[in-house]
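# Descriptive analysis of the structure
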Amino acid sequence: MAQHMEQSAACAVADGAPASLVAAALLHDIGHFIGEHPIEALQNGIDNDHESVGADYLKAHFPDSVSEPVRLHVAAKRYLCATDPDYFGRLSPASVDSLEVQGGPMNAREIEDFEANPCHRDAVRLRLYDDDGKIAGLDIKPVTAYRDILESLVRG
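I will try to describe carefully the structure that is included in this document.

The rules behind each value
- Residues numbered from 1 in each chain as written.
- Predicted model: local features only at pLDDT ≥ 70, side-chain atom pairs only at ≥ 80, totals over all residues.
- Heavy atoms only, no water.
- Helix = DSSP H or I, 4+ residues; strand = E, 2+ residues; numbered from the N terminus.
- Rg over C-alpha atoms; globule rule 2.2 N^0.38 Å.
- Buried < 20%, exposed > 50% of the residue type's maximum accessible area, 1.4 Å probe, protein only.
- Contact = heavy atoms within 4.5 Å.
- Areas by Shrake-Rupley, 256 points an atom, 1.4 Å probe, with all protein chains shown as cover.
- Lys, Arg positive; Asp, Glu negative; His and termini not counted.
- Charge placed at Lys NZ, Arg CZ, Asp CG, Glu CD.
- Axes fitted to C-alpha atoms, helices over the stretch in contact; angles between N-to-C directions.
- Parallel < 35°, antiparallel > 145°, perpendicular 65-115°, else oblique.
- Nonpolar A, V, L, I, M, F, W, Y, C, P; charged D, E, K, R; others polar.
- Salt bridge = Lys/Arg side-chain N within 4 Å of Asp/Glu carboxyl O.
- Phe/Tyr/Trp six-rings, centres within 6.5 Å; stacked < 30°, edge-to-face > 60°.

## Digging into the overall build of the protein
A count of helices and strands for the protein gives nine helices and zero strands. Overall, the protein shows an N-to-C arrangement of helices and strands of α-α-α-α-α-α-α-α-α. Relative to the compact-globule value of 15 Å for 156 residues, the protein shows a C-alpha radius of gyration of 15 Å, a close match. In terms of overall dimensions, the protein has C-alpha extents of about 40 × 35 × 30 Å along its principal axes. When each of the 156 residues of the protein is scored for burial, the buried share is 45%. A separation of at least 24 residues holds for 69% of the contacts in the protein among residues at least 6 apart in sequence. Looking at the protein as shown, the accessible area adds up to about 7,900 Å², and 53% of this sits on carbon and sulfur atoms. Across the protein, the centroid of the 13 positively charged side chains sits 4 Å from that of the 26 negatively charged ones.

Here's what the structure looks like:
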């Protein structure tokens, strides 16, 4: 999981994303580590709400430009499954399995609500970094390489 988060951040850097989105990519799955459910909850069919758990934690330390894409990254998966006919084919087996537990593709009302959120575009970008950051054994920068970015965004 930690390597996946580092890979997601590397994807954001490669895409030229702003520092806040790089931080969001790096920290998007922190809720798996700090929530009340075990890390394998989604694999066992339990929605651990890791996106909200993580975003709530991050909101206390970082601006909304970091926490809100994290809060919305699962919704972005559901959104893309509903609006992009090719997107589902990009999902990893684990993301396919968790999709139904997380609510399945969005309906028309959910799409409208998602698109009304000012952070929805960054959440979609984060979701794509999340999808691309799942290559076993890829050599990437460790979390410590992002220290300056994270420190620059921490609320004082």
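## Thoughts on the packing of helix 4 (residues 50-59) against helix 5 (residues 64-83)
In contact at an axis separation of 7 Å, helix 4 and helix 5 are set at 175° when each is read in the N-to-C sense. Relative to helix 5, the element helix 4 is oriented roughly antiparallel. Mapping the contact onto sequence places His50, Glu51, Ser52, Gly54, Ala55, Asp56, Leu58 and Lys59 in helix 4 and Asp64, Ser67, Val70, Arg71, His73 and Val74 in helix 5. When its residues are assigned to classes, the contact of helix 4 with helix 5 shows four nonpolar, five polar and five charged.

## Here we look at the pattern of salt bridges
Scanning the model with the defined rule gives 12 salt bridges in all. A salt bridge links Arg155 to Asp64; the shortest N-O distance between them is 3.8 Å. One end of the pair, Arg155, is in the segment after helix 9 (147-153); the other, Asp64, is in helix 5, with 91 residues separating them in the sequence. By relative accessible area, Asp64 is classed as partly exposed at 35%.

## Things to note about the side chain of Asp131
Examined against the element boundaries, Asp131 turns out to sit in helix 8 (residues 120-132). Among the residues examined, Asp131 registers a relative accessible area of 10% and is labelled buried. Not counting chain neighbours up to four residues away, the residues in contact with Asp131 comprise Tyr87, Arg90 and Leu91.

## As for the packing of aromatic side chains
Inspection of every chain in the model, using the stated rule, returns one aromatic pair. Taking the centre distance of 4.6 Å and the plane angle of 35° together, the rings of Tyr79 and Phe114 count as tilted. One end of the pair, Tyr79, is in helix 5; the other, Phe114, is in helix 7 (residues 108-116), and 35 residues separate them in sequence. Per residue, the accessibility class of Tyr79 equals that of Phe114, and both read buried.

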